[in-house]
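The lines below spell out each chain.
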Amino acid sequence: MIHKKKAMLIIDMQKGSFTDNTSRFDTDGVVARINQLSSIFRALNLPVIFIQHDGTGTGQFEKSSTEWENLDELIVKQTDILIDKYANDVFYKSKLQHKLESLNVNELFITGCATDFCVESTIQSALTKDYNITVIADAHTTGDRPHLKAEQVIEHYNWVWQNMIPTKGKVDVKTTKKIKSNIYI
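Here is what the cut-offs are and how they apply
Residues numbered from 1 in each chain as written. Predicted model: local features only at pLDDT ≥ 70, side-chain atom pairs only at ≥ 80, totals over all residues. Heavy atoms only, no water. Salt bridge = Lys/Arg side-chain N within 4 Å of Asp/Glu carboxyl O. Helix = DSSP H or I, 4+ residues; strand = E, 2+ residues; numbered from the N terminus. Polar contact = N/O pair within 3.5 Å; in protein donor to acceptor, adjacent residues only side chain to side chain. Core = buried A, V, L, I, M, F, W, Y, C linked by side-chain atoms within 4.5 Å. Buried < 20%, exposed > 50% of the residue type's maximum accessible area, 1.4 Å probe, protein only. Contact = heavy atoms within 4.5 Å. Pairing = 2+ DSSP bridges. Phe/Tyr/Trp six-rings, centres within 6.5 Å; stacked < 30°, edge-to-face > 60°. Lys NZ or Arg CZ within 6 Å of the ring centre and 35° of its normal. Expected span 1.5 Å × (residues − 1). Arc of directions from axis to C-beta.

S.K.: Is there a simple way to think about the pattern of salt bridges in this case?
M.R.: Pairing is possible between side chains of opposite charge, provided their charged atoms come close. Within the structure shown, the criterion is met by 12 salt bridges. A salt bridge links glutamate 69 to lysine 15, with the nearest nitrogen and oxygen atoms 2.7 Å apart. Taken as a pair, glutamate 69 in the loop between β2 (48–53) and β3 (81–85) and lysine 15 in the loop between β1 (5–11) and α1 (27–43) lie far apart in primary sequence, 54 residues in all. For arginine 33, the salt bridge identified is with aspartate 138, shortest N-O distance 3.6 Å. Here arginine 33, found in helix α1, pairs with aspartate 138, found in strand β5 (residues 132–141); they are 105 residues apart in sequence, far enough to count as distant.

S.K.: What's the story with the side chain of threonine 141 in this structure? I'm lost.
M.R.: With respect to the element layout, threonine 141 can be found in strand β5. Engagement of the side chain of threonine 141 in a polar contact is seen with the backbone oxygen of phenylalanine 25, the distance being 2.6 Å.

S.K.: Can you walk me through the nonpolar core in this structure?
M.R.: Most often, soluble globular proteins keep nonpolar side chains buried together rather than apart. Ranked by size, the top nonpolar core spans 28 residues in total, and within it Ile49, Leu96, Leu100, Leu108 and Ile133 carry the most contacts. Here this core takes 5 residues from helix α3 (residues 115–128), the largest share from any one element. With residues near it in sequence (within four places) discarded, leucine 96 still touches Leu9, Ile49, Ile51, Ile83, Val90 and Phe91. Core analysis: the next-biggest nonpolar cluster, separate from the first, contains 22 residues, Val31, Leu46, Leu71 and Phe109 among them.

S.K.: It is not clear to me how the pairing of β3 should be interpreted in this structure. Could you clarify?
M.R.: If a strand is regular, its side chains alternate between the two faces of the sheet. The buried fraction of β3 amounts to 4 of the 5 residues, a majority that puts the element mostly inside the structure. Across 5 bridges, the pairing between β2 and β3 is parallel. Within the sheet, the bridge partner assigned to isoleucine 49 lies in β3 and is isoleucine 81.

S.K.: Just to check I follow, could you spell out the packing of aromatic side chains for this structure?
M.R.: Two numbers describe a pair of aromatic rings. These are the distance of the centres and the angle of the planes. Within the structure shown, the criterion is met by 3 aromatic pairs. Judged by centre distance (5.2 Å) and plane angle (70 degrees), the ring pair of phenylalanine 41 and phenylalanine 109 falls under edge-to-face. Taken together, the residues phenylalanine 41 in helix α1 and phenylalanine 109 in strand β4 (residues 105–113) connect sequence positions 68 residues apart. The same class applies to phenylalanine 41 and to phenylalanine 109, which are both buried. If you follow lysine 129 out to its NZ or CZ, it ends over the ring of phenylalanine 91, 5.0 Å from the centre.

S.K.: Mind showing me how you'd approach helix α4 (residues 150–162) here?
M.R.: Count 3.6 residues to each turn of an α-helix, and residues three or four apart come out pointing the same way. An ideal rise of 1.5 Å per residue puts 18 Å on 13 residues; α4 measures up with 18 Å between its terminal C-alpha atoms. Three or more residues of α4 are buried, namely Ala150, Val153, Ile154, Tyr157, Asn158 and Trp161. One side of α4 holds all its buried residues, which, seen down the axis, span an arc of 130 degrees. Across α4 from its buried face, at more than 90 degrees, point the exposed residues Glu155 and Trp159. Tucked inside the fold, the buried residues of α4 contact α3, β5 and β6 (171–174).

Take a look at the structure:
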């Protein structure tokens, strides 16, 4: 039997998503928790995968532009995997699925920006591909919306994901503290 393993996805934690015009809830805390967890994943020799929106040709998030770059506060190591994405769903026309298969990954730990767009659509897509998913409840963020504050959006989606009935895989929603105490198992 081939041993399946875990991978950490860090979605769209890019400079263009964190500007004065696009403030995000608890950015410093989210970045700190992502850095803590990615450090643990690396120490366990588990893949850390940074997903960056590549809007080449759209005038936004152009590859290699400042807004395309990951936040300076994020710790990115040479051993980490960088994958470009082209839509809200990380799997859409990207190399992610192939990379996960080549690494024999069946469980995704999901973090990043924006809760109600790229994080949500990636979770939904991963479920259709039968991945087991752990959403890090306090390591994804978004901005205020016209009808809800960002904190409410995050709380709402954490509730939705926790209460989903997936067809094959599973979805757990856990805090960074909970993950840190159980990841070694």
